Amino acid sequence: MEKNMDKKIQASVPAKVILFGEHFVVYGKRALAAAINRRLVVEVSSRERSGYHVKIANIPTFGLEMDLELGQEEGKGKALLYKDYGAATKAIAYVKESIRYLEERYGIGRGGEGVEIEIKSEIPLSAGLGSSAATCVATIAALKEFFGVGGDLEGIRNDAHNIEKAVQGAASPVDTAISTYGGYVLVEKGEVKRLRLAELNLVVGCVGSIPLSIGMDTKKASEMGLKTKKIVEGVKTRKEIFTSIFDSIFAASDEITAQAIRAIEHRDFVKLGALMNINHGLLDAIGVVPRRLSELVKMSQESGALGAKVTGAGGLDEMGGVGSVLVLSGESVDRIKAVMEIAGALVMEVKTGGEGLKTITF
Ligand code: PMV
């Protein structure tokens, strides 16, 4: 193992959007996801004192900033400033598990080295844009490089996926695959296939993670970390009651994803937008569209979008409707951005299909 003193490693990874097929993919149906040009960077360097020092800054929607001592001083962490306890705990959970996993799997970090980890992110948390997977992939890549156990992309993806599963209980391979490889992936019957498709210009609208009704209630806020799990369980319950109806909805979604890939290949944006609208209707039918996300979709459609839909897990009204929508805005981009901002969403123009993991050693 190489000696790592005075080394500094930066690992940068993209966020993701699910374009088609979220939820239905849990039951083996096709889903299409893409990297977007919003990135998360993990910087790892040595520090004089032993143990891990972790800093998370610059995360949109929260103004989250925290400074925790891990390793030798675990449990004595000092939060300097954070508005969102749930998000703070969630973000740090992935870093802690990455450190634990690397120690166990590769024996690295056991020498009591002093390691500084800094995470800077343009990816809102709990918004369905893959911030958890991005944290895992970039942390693993940077730490492996720092400790001189390097590793191929597939190994990093696999490690990161294991960490996501350990923290969340379950995770589909979509997010870690996109963060590692970038571009587009099609998931079919649990298998991840990389696809070559042209770039799309989209608008993402996020309903932020800390609804005023929750305020600083830490218990409720930390439940936000379980949002996806809760929503997926809700779909399962309804599917068990309305099995034959849900089977038809699921089959329709599978066909939508297949047609959407062809629409992107043919650059048929009118058809692509119509397929997004239908996909959104199916997500509403299975009960994952809260009022605030529904409003963003309707407002975008009414303002001239070619298509709009919820992306990722969706949301729950009792959790403040936190989540994101994806809009194919066509010519109406400025108007759509304005109406979503007035409605209180964090709005980002994004391009799909960007680069995956990039690691730089200084
Ligand atoms: O919102 P996200 O990024 O957690 O997306 C969840 C996507 C689901 O299909 C609902 C679950 C999954 O693991 O694929």
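Notes on the structure follow.

Scoring rules and cut-offs
- Residues numbered from 1 in each chain as written.
- Predicted model: local features only at pLDDT ≥ 70, side-chain atom pairs only at ≥ 80, totals over all residues.
- Heavy atoms only, no water.
- Axes fitted to C-alpha atoms, helices over the stretch in contact; angles between N-to-C directions.
- Helix = DSSP H or I, 4+ residues; strand = E, 2+ residues; numbered from the N terminus.
- Parallel < 35°, antiparallel > 145°, perpendicular 65-115°, else oblique.
- Left-handed = near helix turned anticlockwise from the far one by under 90°.
- Contact = heavy atoms within 4.5 Å.
- Nonpolar A, V, L, I, M, F, W, Y, C, P; charged D, E, K, R; others polar.
- 1 Å grid on protein atoms, 1.4 Å probe; cavity = no way out; pocket = protein on both sides within 12 Å on 5 of 7 lines; lining within 4 Å.
- Points joined across faces, edges and corners; volume = space filled by probe spheres on them.
- Phe/Tyr/Trp six-rings, centres within 6.5 Å; stacked < 30°, edge-to-face > 60°.
- Buried < 20%, exposed > 50% of the residue type's maximum accessible area, 1.4 Å probe, protein only.
- Lys NZ or Arg CZ within 6 Å of the ring centre and 35° of its normal.
- Pairing = 2+ DSSP bridges.
- Salt bridge = Lys/Arg side-chain N within 4 Å of Asp/Glu carboxyl O.
- Near = heavy atom within 4 Å.
- Polar contact = N/O pair within 3.5 Å; in protein donor to acceptor, adjacent residues only side chain to side chain.
- Areas by Shrake-Rupley, 256 points an atom, 1.4 Å probe, with all protein chains shown as cover.
- Domains from an automatic or database assignment.
- Core = buried A, V, L, I, M, F, W, Y, C linked by side-chain atoms within 4.5 Å.

**Focus: the packing of helix H7 (residues 243–265) against helix H8 (residues 269–285)**
Thinking step 1. The contact between H7 and H8 brings their axes to 10 Å, and the two run at 160°. By the criterion of interaxial angle, the relationship of H7 to H8 is roughly antiparallel. For the pair H7 and H8, the crossing hand works out as left-handed. On H8, the residues touching Phe246, Ile249, Ala252, Ser253, Ile256, Gln259, Ala260, Ala263 and Ile264 of H7 are Lys271, Leu272, Leu275, Ile278, Asn279, Leu282 and Ala285.
Thinking step 2. Its residues assigned to classes, the contact of H7 with H8 comprises 12 nonpolar, three polar and one charged.

**Considerations on the layout of surface pockets**
Thinking step 1. The space that makes up the second largest pocket amounts to roughly 240 Å³.
Thinking step 2. Secondary structure elements with two or more residues in the lining of the second largest pocket: strand E9 (201–207) and strand E12 (346–351).
Thinking step 3. For the lining of the second largest pocket, the per-class residue count stands at eight nonpolar, four polar and four charged.

**Overview of the packing of aromatic side chains**
Thinking step 1. Scanning the entire structure with this criterion turns up four aromatic pairs.
Thinking step 2. Here the aromatic rings of Phe146 and Phe147 are separated by 5.2 Å at their centres, their planes lie at 90°, and the arrangement is edge-to-face.
Thinking step 3. The buried category is assigned to Phe146, whose relative accessible area is 0%.
Thinking step 4. Of the residues examined, Phe147 reaches a relative accessible area of 1% and is grouped as buried.
Thinking step 5. Ring centres of Phe246 and Phe250 lie 6.1 Å apart, and the angle between their planes is 35°; this geometry places the pair in the tilted category. Pair noted here: Phe246 and Phe250 are both in helix H7, with a separation of four residues, about one helical turn. In this structure, Phe246 and Phe250 share a single accessibility class: buried.
Thinking step 6. Three or more aromatic residues link up through ring pairs in this structure, and these residues are Phe24, Tyr27, Phe246 and Phe250.
Thinking step 7. One Lys or Arg, Lys239, reaches over the ring of Phe250 and ends 5.1 Å from the middle of that ring.

**Re the packing of helix H2 (residues 131–146) against helix H3 (residues 153–168)**
Thinking step 1. One can describe the packing of H2 onto H3 by two numbers: an axis separation of 9 Å at closest approach and a directional angle of 130°. The orientation of H2 relative to H3 falls into the category oblique. H2 and H3 meet at a crossing whose hand is right-handed. Contacts from Ser132, Ala133, Cys136, Val137, Ile140, Ala141 and Lys144 of H2 reach H3 at Gly155, Ile156, Asp159, Ala160, Ile163, Glu164 and Gln168.

**Topic: the sheet that holds E9**
Thinking step 1. Strand order in the open sheet made by the four strands is E10-E11-E9-E12, with antiparallel pairing throughout. Only two strands of the sheet have a single partner each, and these edge strands are strand E10 (307–311) and E12. When strand polarity is set aside, the average angle formed by the axes of neighbouring strands in this sheet is 25°.
Thinking step 2. When E9 meets strand E11 (residues 323–328), the two strands line up antiparallel, connected through five bridges. Across the sheet, residue Val207 finds its bridge partner in E11, namely Gly323.

**Structural notes on the pattern of salt bridges**
Thinking step 1. Tallied over the full model, the rule gives 16 salt bridges.
Thinking step 2. A salt bridge links Glu188 to Lys193; its shortest N-O distance comes to 2.9 Å.
Thinking step 3. Classification of Lys193 as partly exposed rests on a relative accessible area of 40%.
Thinking step 4. Across the pair Lys236 and Glu240 runs a salt bridge whose closest N-O atoms are separated by 3.5 Å. With a gap of four residues between them, Lys236 and Glu240 both fall in helix H6 (residues 227–241), about one helical turn apart.
Thinking step 5. For Lys236, a relative accessible area of 46% translates into the label partly exposed.
Thinking step 6. Look at Glu240 and you get exposed, because its relative accessible area is 53%.

**Overview of the site of the ligand**
Thinking step 1. Surrounding the ligand, one finds 13 residues, the nearest of these being Lys16, His23, Ser172, Thr228 and Ala313.
Thinking step 2. Interatomic distance of 2.9 Å between a backbone N/O atom of His23 and an oxygen atom of the ligand.
Thinking step 3. Take Ser172: an N or O atom from its side chain is 3.1 Å from an oxygen atom of the ligand.
Thinking step 4. Out of a free accessible area of 380 Å², the ligand has 86% covered by protein chains.
Thinking step 5. When residues of the shell around the ligand are traced back to their parent elements, those giving at least two are strand E1 (8–20) and H6.
Thinking step 6. Across the shell around the ligand, the residue classes tally to five nonpolar, five polar and three charged.
Thinking step 7. The residue makeup of the shell around the ligand includes at least three contributed by each of domain 1 (9–199 + 354–361) and domain 2 (202–351).

**Re the nonpolar core**
Thinking step 1. Core analysis: the biggest nonpolar cluster contains 91 residues, and Leu19, Phe20, Ile117, Leu143, Ile286 and Met340 have the highest contact counts within it.
Thinking step 2. In contact with Leu143, other than residues within four places in its own chain, are Val44, Tyr52, Ile99, Leu102, Ile108, Val115 and Ile117.

**Section: the side chain of Arg157**
Thinking step 1. Inspection of the secondary structure assignment puts Arg157 in helix H3.
Thinking step 2. A polar contact of 2.8 Å, which involves the side chain of Arg157, links it to the side chain of Glu154.
Thinking step 3. If we skip the residues at most four places from it in the chain, Arg157 touches Pro173, Thr176, Ala177, Thr180 and Tyr181.

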